[in-house]
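# A look at the structure
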Amino acid sequence: MTYSAVSAKIRAMQGRFLTDTDFSQLAFSDSVSAAVETLKSRPSYSCAFEAAGDGELDRSRIEQLLWLSRGYIEQILTQSEYRDFTKLYRFSSVKQRKFLDLYFMHFEVDILKKCLRDAASSRSSDLDLSIFEDFFQKHSHLDLAGLAECSSLDSFVEGLRGSFYYEPLRRLRDQGVTALFDYESALDSLYFIHLWKDMKKQLGRKELEAVSQCIGEKIDLLNLEWLSRAKEYYRLSDHAIEDFLIPVYYKLRKDQIRAMAQAVSREEFLGILRTTRYGNRIFGQPDPSSGQENPRLKRLFRSLLDAVYQTSGRKNPYSAAVLNTYFYFKEEEIRKLITTIEGIRYQLDGNEILSCLAES
């Protein structure tokens with residue numbers, strides 16, 4: 001009973017997700033501004049564009065802003081997700097808000113990574129947090145506006161002083177680490193470690209079981225994706241590879257992770273992957289584009305995640321799983337929209353854009 005109202009609300013909001021037909025229409029838009037006009041007619045995004053003030057801008061100015069800055073369209077689309085979060089938070093009970101409070105850290109880390117990239121490159125940030133100000137003031141204790149103004153890695157790390165993000169990033173800085181990837185990986189690990197630990201304290205047994213499957217498999221598949229990329233593209237020691245992995249183990253055992261990290265070739269890595277609990281799910285499905293048994297792992301990892309989130313939301317409609325599932329697919333929609341807009345920006349054919357969406 002406690003979830004019946006919010007579940008009904010989410011079903012109504014899911015009805016506003018874009019369809020394949022919508023994406024096809026967007027992909028064949030003549031220009032970025034034409035695609036934006038289409039998006040502004042959709043209920044789930046119209047309010048975000050209005051909040052950004054686009055109603056006061058003429059068409060040529062919108063086109064100029066969208067052409068010059070990918071970040072501009074990302075901020076508007078992200079605002080749509082924040083509005084959904086706020087709407088559901090207000091609609092939720094105290095019990096349901098416990099999960100949403102945990103999930104909020106995902107948004108916080110995403111903003112931190114954007115601030116980090118600008119600070120590390122010593123460039124002025126184009127991140128306009130003014131449209132997110134009310135949202136973050138209610139949920140975050142960080143000075144995100146101040147972090148967005150940081151012009152060096154050192155000032156960014158110091159800006160986190162007093163938060164639990166500070167010590168791990170300070171240690172990296174004091175060790176002389178300057179690679180952006182290292183800091184982003186540290187933020188991702190902090191997020192998943194914190195979420196995995198705290199949801200066991202905040203959620204009841206049934207809710208924890210439903211949500212743990214999604215979060216656990218997501219961590220496993222992210223680790224597998226990184227291991228696969230490391231073996232195919234980089235020459236790193238097994239210890240260096242393990243340092244970048246999220247230290248949470250769900251269906252992958254620690255010894256299996258270590259064996260894949262120590263594999264001397266990608267072929268050996270794939271052989272070990274076959275023996276894991278993901279082996280049948282990965283190698284039992286041929287790659288439709290090639291007819292070969294060995295699939296493109298990144299695309300398959302995403303399809304596996306899609307399936308586990310869909311199943312979790314369907315089997316547990318009256319639990320935190322329904323909230324978890326909603327935000328997963330909302331973010332997937334925004335990711336596809338950004339890909340579509342970028343394709344239009346660089347004048348790809350509509351069919352090419354749709355092909356990119358299918359591959360991503």
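Use the structure listed above.
Residues numbered from 1 in each chain as written. Predicted model: local features only at pLDDT ≥ 70, side-chain atom pairs only at ≥ 80, totals over all residues. Heavy atoms only, no water.

### Some details on a nonpolar patch on the surface
- A contiguous nonpolar surface patch, about 310 Å² in accessible area, is contributed by Tyr233, Tyr234 and Leu236.
- Among the residues examined, tyrosine 233 registers a relative accessible area of 52% and is labelled exposed. (Patch = residues over 30% accessible without salt bridge, like charges linked within 9 Å, V, L, I, M, F, W, Y side chains within 5 Å. Areas by Shrake-Rupley, 256 points an atom, 1.4 Å probe, with all protein chains shown as cover. Salt bridge = Lys/Arg side-chain N within 4 Å of Asp/Glu carboxyl O. Buried < 20%, exposed > 50% of the residue type's maximum accessible area, 1.4 Å probe, protein only.)

### Quick notes on a positive patch on the surface
- Taken together, the side chains of Arg16, Arg83, Lys87, Arg90 and Lys138 make up a positively charged region of the molecular surface.
- The biggest single contributor to the positive patch is helix H6 (residues 70-91), with three residues.
- Along the chain, arginine 90 turns up in helix H6. (Lys, Arg positive; Asp, Glu negative; His and termini not counted. Charge placed at Lys NZ, Arg CZ, Asp CG, Glu CD. Helix = DSSP H or I, 4+ residues; strand = E, 2+ residues; numbered from the N terminus.)

### Some details on the packing of aromatic side chains
- If you walk through the whole model with that rule in mind, you get 27 aromatic pairs.
- Aromatic side chains phenylalanine 107 and phenylalanine 135 sit 5.9 Å apart centroid to centroid with 65° between the ring planes, which places their arrangement in the edge-to-face category. Pair noted here: phenylalanine 107 is in helix H7 (residues 94-120) and phenylalanine 135 is in helix H8 (residues 133-139), with a separation of 28 residues, a long-range link.
- For phenylalanine 107, a relative accessible area of 2% gives the class buried. (Phe/Tyr/Trp six-rings, centres within 6.5 Å; stacked < 30°, edge-to-face > 60°.)

### Here's the deal with the packing of helix H13 (residues 205-233) against helix H16 (residues 266-274)
- Running from N to C, H13 and H16 cross one another at 155°; their axes reach a closest spacing of 9 Å. Taken as axis vectors, H13 and H16 run roughly antiparallel relative to one another. Counting all contacts with H13, which are made through Leu224, Leu227, Ser228, Lys231 and Glu232, the residues of H16 involved are Arg266, Phe269 and Leu273.
- Broken down by class, the residue content of the contact of H13 with H16 amounts to four nonpolar, one polar and three charged. (Axes fitted to C-alpha atoms, helices over the stretch in contact; angles between N-to-C directions. Parallel < 35°, antiparallel > 145°, perpendicular 65-115°, else oblique. Contact = heavy atoms within 4.5 Å. Nonpolar A, V, L, I, M, F, W, Y, C, P; charged D, E, K, R; others polar.)

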